[in-house]
Amino acid sequence: SQVLGFALASFALASSWTVAGTTVATVLLPLLILAIPILDTTLVTIVRLLEGRPIHQGGRDHASHRLVYHGLSEKRSVVLLAAVSAAVGGTSLAYTVLNDAAVTVLGVLLTFALLVQFASFLSDIDRDAPPATSFLAVHRRRLVEVLVDFALICAAFLGAYLLSVDGEGSVNQRFIFTSALPIVLAARYLAFIPFGLYRGVWRYAGARDGAAVIGAVVVSEFVAFGVLSTFRDFGDFPRSVFVIDALICAVLVGASRFWERAFARGLSTFRSMRRRTVIVGAGRSGRSLLRELRETPGEPVIGFVDDEPRLRRRRLQGVPVLGRLDEIERVLAHARPDTVLVTIPGAPRDRLDSLVRACEEAEVSCRFVRREVDLDPLVVLGTAAE
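Residues numbered from 1 in each chain as written. Predicted model: local features only at pLDDT ≥ 70, side-chain atom pairs only at ≥ 80, totals over all residues. Heavy atoms only, no water.

*Asks:* Would you mind going over the side chain of Ser256 in detail, with residue names and values included?
*Replies:* By the secondary structure assignment, Ser256 is in helix 11 (residues 240–268). A distance of 2.6 Å separates a polar atom in the side chain of Ser256 from the backbone oxygen of Val253. Leave out the neighbours within four places in its chain, and Ser256 touches Gln117, Val148, Asp149 and Leu152. (Helix = DSSP H or I, 4+ residues; strand = E, 2+ residues; numbered from the N terminus. Polar contact = N/O pair within 3.5 Å; in protein donor to acceptor, adjacent residues only side chain to side chain. Contact = heavy atoms within 4.5 Å.)

Quick look at the structure:
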């Protein structure tokens with residue numbers, strides 16, 4: 001470990017000390033090359049401190065262990081961490097070639113936000129840890145969101161400024177930028193709280209959460225622009241910065257909220273144990289079952305089977321309709337599912353019998369899903385409700 005660590009540190013310094021003599025590049029680029037080791041060490045240290053465990057005490061709570069807990073095999077966990085490390089190291093090389101301090105700061109802010117969210121995602125699972133009791137342990141996800149938002153808001157405003165001015169801008173433009181950034185940050189946080197951006201469970205984010213992000217960004221942008229217009233003379237500072245900032249910030253903050261959901265789904269595609277599912281019936285029950293299975297790790301739905309002519313060769317919520325019920329043999333042979341879930345138990349008996357026989361011949365598990373609503377408590381509990 002000493003040899004590897006010394007070699008990594010040497011390579012990091014060798015790649016950055018000649019970059020235009022800028023302190024920013026010299027300090028930040030080695031951190032990018034060593035990002036994954038630093039991330040893992042920091043994650044383990046913070047989690048153990050929050051949970052009252054000795055830092056020096058070994059445990060299966062490193063990043064690779066946590067990925068295995070999420071369902072990946074050991075080999076795939078190593079491959080994923082190596083890919084992330086290579087990608088971050090590649091950005092360090094790109095910044096060295098570009099030789100632009102402003103672009104480097106912007107990219108590092110975005111990389112920092114992504115790595116913090118990645119660490120937050122991994123920190124959710126620790127099978128050996130006792131239940132969290134401290135305030136920081138209980139609310140660490142909210143603290144992570146605030147920290148990530150700080151990086152994203154700064155990156156969005158810096159990116160909007162760089163897109164609107166030539167080079168670094170004039171002295172007045174730089175002064176207005178540094179004066180406006182704290183006001184933009186304050187307006188963002190004051191809007192994010194009432195819009196509920198720190199109350200959501202983002203692994204299950206939906207359209208309403210996306211609308212809340214857009215609304216919070218737009219409102220905070222108007223507030224920040226109004227405050228600055230009242231107390232500052234913009235001069236040659238371009239007003240388009242605020243329009244571009246709103247667009248970039250909405251995209252970045254929205255992506256940060258939906259990132260966990262997308263990453264969790266993407267991670268499920270690398271799981272060692274996966275059960276490919278075909279749903280028979282693309283009606284309300286079938287679509288509801290699809291949404292439920294999408295939140296279940298290792299249960300990808302690869303297609304629907306439905307007799308509706310309008311749905312033939314179409315896609316429902318991104319999932320293709322593979323064929324009709326009388327084509328089930330072809331569908332099973334082509335799609336090769338592990339299980340078939342039937343959501344139309346009221347279909348004609350002869351057609352359901354042929355479906356069951358086709359699944360038996362193909363050695364595919366077949367299950368019927370009945371989704372009842374408006375049930376009497378006496379039926380469910382078997383006793384009189386009091």
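After that view of the structure, there is still more to cover.
*Asks:* Kindly report on the sheet that holds strand 2 (residues 301–305), identifying the contributing residues and their values.
*Replies:* Here we have six strands laid out as an open sheet, ordered 3-4-2-1-5-6, and mixed in their pairing. In this open sheet, the two strands that pair with only one neighbour each are strand 3 (315–316) and strand 6 (365–368). The pairing of strand 1 (residues 277–280) with strand 5 (residues 339–342) spans four bridges and is parallel. Paired with Val280 across the strands is Val342, a residue of strand 5. The strands touched by helix 13 (residues 328–335) within the sheet are strand 2, strand 4 (319–323) and strand 5, with strand 4 carrying the most contacts at an inclination of about 130°. (Pairing = 2+ DSSP bridges. Axes fitted to C-alpha atoms, helices over the stretch in contact; angles between N-to-C directions.)

*Asks:* Lay out the packing of aromatic side chains in plain terms, naming residues and giving numbers.
*Replies:* According to the stated counting rule, one finds nine aromatic pairs in the structure shown. Centre to centre, the rings of Phe157 and Phe177 are 5.2 Å apart; their planes meet at 10°, and the pair counts as stacked. In this pair, Phe157 sits in helix 8 (residues 140–164) while Phe177 sits in helix 9 (residues 171–192), placing the two residues 20 residues apart along the sequence. Across the pair, Phe177 and Phe157 agree in class, each one buried. (Phe/Tyr/Trp six-rings, centres within 6.5 Å; stacked < 30°, edge-to-face > 60°. Buried < 20%, exposed > 50% of the residue type's maximum accessible area, 1.4 Å probe, protein only.)

*Asks:* I'd like to hear about the pattern of salt bridges, residue by residue, with values.
*Replies:* Summed over all chains, the structure comprises 10 salt bridges. Asp149 is the salt-bridge partner of Arg257, the closest N and O atoms lying 2.6 Å from each other. Linking Arg257 in helix 11 with Asp149 in helix 8, this pair joins segments that are 108 residues apart in sequence. Both residues of the pair, Arg257 and Asp149, count as buried. A salt bridge links Glu327 to Arg324, with the shortest nitrogen-to-oxygen separation between them at 3.5 Å. By relative accessible area, which is 14% here, Glu327 ends up buried. Look at Arg324 and you get partly exposed, because its relative accessible area is 32%. Linked through salt bridges whose partners overlap, the residues forming this network are Arg312, Arg324, Asp326, Glu327 and Arg330. (Salt bridge = Lys/Arg side-chain N within 4 Å of Asp/Glu carboxyl O.)

*Asks:* If you had to explain unusual backbone geometry to someone new, which residues and values would you point to?
*Replies:* Residues other than glycine seldom take positive phi values, yet Arg336 does so here, at roughly 50°. With respect to the helices and strands, Arg336 occurs in the loop between helix 13 and strand 5. Classification of Arg336 as exposed rests on a relative accessible area of 64%. The phi dihedral of Glu363 falls on the positive side, at around 55°, and the residue is not glycine. If you trace the backbone, Glu363 turns up in the loop between helix 14 (349–361) and strand 6. Overall, Glu363 belongs to the exposed group, its relative accessible area being 74%.

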